[in-house]
Amino acid sequence: MGLSQKTKVGFILKKLVFFLVCLILLVFIWFKTENLIKNNLNTLENKSDYIFKKENDVYAHLKVQGTNIDYPIAQHPVDDQYYLSHDIDHLKTIYGAIFTEKINKKDFKDPATIVYGHSTYDGSMFGSLEWFEASDFFNKNKKIEISTQNEKIDYEIFSAYSYTDDHLIDSFNLTDRTSISDYFQKIKKFSEDLQGNYRDISYSDSDKLLILSTCDIKNNERRFVVHAKEIKRVLVKDISKAK
């Protein structure tokens, strides 16, 4: 009888030790997994920083709600046409890259900044920009986000239409801040006259415009343009504090 009790006690102790070992192992695995997730999140958050450091021409990242547009933005120091035929790794490609011209500074504080990209049949680059031609899509998707090394900038989309291939900054003198209010009025009229999409939005000469421009896939002599107004600008360090 005594031996039987000792056997039972030994068996219980073994089970207890096994349970404790399993518990310690699970806690260790959980801790390692938690650290791995945090490291992966930090890697994703710093992905743009990596791109900025790797390639000097890349200075921002663009994301447009509801579309496939989620790309770095480049600006060549000399040739405004360069990124029509090269990617950000300087390899020749028909897709080119998403880019701005030298007329725009890289801080997105100009009265109007135009970002260019090719329209493609597979939906890459600015191939999904013309989705804003559909009223339902336009009404549902309003947000554009641009990230730089120092700031995160939010924009609200308020118009989309097909226009001539005139250079908008030159044609409407958009380097001059006093021209902005007048251009806002023209945008509304163009949207109506050209059967585009428009939503009423307040504006003043101090507002900053972001214009996304791509070739009109239905007519190569025209361009499809989406206009957005800056609504919020936050320093990256402030975003980190908020987290």
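See the structure shown above.
Since the structure is predicted, the reported quantities are computational estimates derived from the model, not experimental observations.

So what exactly am I meant to see when it comes to the overall build of the protein chain here?
Secondary structure assignment for the protein chain yields six helices and nine strands. A total of 243 residues make up the protein chain; the buried ones form 41% of that total. Long-range contacts, defined as pairs at least 24 residues apart, comprise 63% of the intrachain contacts of the protein chain with a sequence gap of at least 6. Counting only carbon and sulfur atoms, one obtains 57% of the accessible surface of the protein chain, whose full area is about 14400 Å².

Whenever I open this one, the nonpolar core confuses me. Can you help?
For soluble globular proteins, nonpolar side chains are generally found buried alongside one another. In this structure, Leu62, Phe132 and Leu212 are the most contacted members of the largest nonpolar core, which totals 27 residues. Where this core is concerned, the elements lending two or more residues are β1 (58-64), β2 (70-74), α3 (135-140), β5 (143-147), β6 (151-164), β8 (209-216) and β9 (219-235). Listed in part, the 26 residues of the second largest apolar core include Val58, Tyr163, Leu168 and Phe184.

Quick question: what am I supposed to make of the packing of aromatic side chains here?
Each aromatic ring pair is characterised by the separation of its centres together with the angle its planes make. Under the criterion given, the structure shown has 14 aromatic pairs. For the ring pair phenylalanine 158 and tyrosine 198, a centre distance of 6.1 Å and an interplane angle of 85° mean the geometry is edge-to-face. On the criterion of sequence distance, the pair formed by phenylalanine 158 in strand β6 and tyrosine 198 in strand β7 (residues 197-198) is long-range, its members being 40 residues apart. The exposure class of phenylalanine 158 is buried, given its relative accessible area of 0%. Judged by relative accessible area, which is 21%, tyrosine 198 ranks as partly exposed. Ring centres of phenylalanine 172 and tyrosine 183 lie 5.0 Å apart, and the angle between their planes is 45°; on these two criteria the pair is classed as tilted. With phenylalanine 172 in the loop between α4 (168-171) and α5 (180-193) and tyrosine 183 in helix α5, this pair connects stretches of sequence that are eleven residues apart. Given a relative accessible area of 16%, phenylalanine 172 falls into the buried group. Members of the aromatic cluster, connected to one another through ring pairs, are Tyr161, Tyr163, Phe172, Tyr183 and Phe190. Positioned over the ring face of phenylalanine 138 is arginine 199, at 4.2 Å from the centre of the ring.

Sorry if this is basic, but what is going on with the pattern of salt bridges here?
Working definition: two side chains of opposite charge can pair if their charged atoms are close together. Following the criterion strictly, the structure yields twelve salt bridges and no others. A salt bridge links glutamate 133 to lysine 218, with the nearest nitrogen and oxygen atoms 2.7 Å apart. Residue glutamate 133 is found in the loop between β4 (112-116) and α3, and its partner lysine 218 is found in the loop between β8 and β9; the two are separated by 85 residues along the sequence. Residue classification places lysine 218 among the exposed residues on the basis of a relative accessible area of 59%.

How do you make sense of the pairing of β9 when you look at a structure like this?
The pairing of β6 with β9 spans 13 bridges and is antiparallel. Each residue of the ladder has a partner; that of tyrosine 155, found in β9, is glutamate 230. Where β8 meets β9, eight bridges bridge the pair, whose relative direction is antiparallel. When the sheet's bridge partners are listed, leucine 210 is paired in β9 with alanine 228.

Explain the environment of tyrosine 155 here, please?
Locating tyrosine 155 in the fold gives a position in strand β6. The contact partners of tyrosine 155, leaving out residues within four places of it in the chain, are Phe108, Lys142, Lys143, Ile144, Ile146, Lys208, Leu210, Ala228, Lys229, Glu230, Ile231 and Arg233.

So what exactly am I meant to see when it comes to α5 here?
One turn of an α-helix holds 3.6 residues; hence residues three or four places apart share an orientation. In this model α5 runs 20 Å from its N-terminal to its C-terminal C-alpha over 14 residues, within 8% of the 20 Å that 1.5 Å per residue would give. Against β6, α4, β7, β8 and β9 lie the buried residues of α5.

Parameters at a glance
- Residues numbered from 1 in each chain as written.
- Predicted model: local features only at pLDDT ≥ 70, side-chain atom pairs only at ≥ 80, totals over all residues.
- Heavy atoms only, no water.
- Helix = DSSP H or I, 4+ residues; strand = E, 2+ residues; numbered from the N terminus.
- Buried < 20%, exposed > 50% of the residue type's maximum accessible area, 1.4 Å probe, protein only.
- Contact = heavy atoms within 4.5 Å.
- Areas by Shrake-Rupley, 256 points an atom, 1.4 Å probe, with all protein chains shown as cover.
- Core = buried A, V, L, I, M, F, W, Y, C linked by side-chain atoms within 4.5 Å.
- Phe/Tyr/Trp six-rings, centres within 6.5 Å; stacked < 30°, edge-to-face > 60°.
- Lys NZ or Arg CZ within 6 Å of the ring centre and 35° of its normal.
- Salt bridge = Lys/Arg side-chain N within 4 Å of Asp/Glu carboxyl O.
- Pairing = 2+ DSSP bridges.
- Expected span 1.5 Å × (residues − 1).

This is a description of form; function is not addressed.
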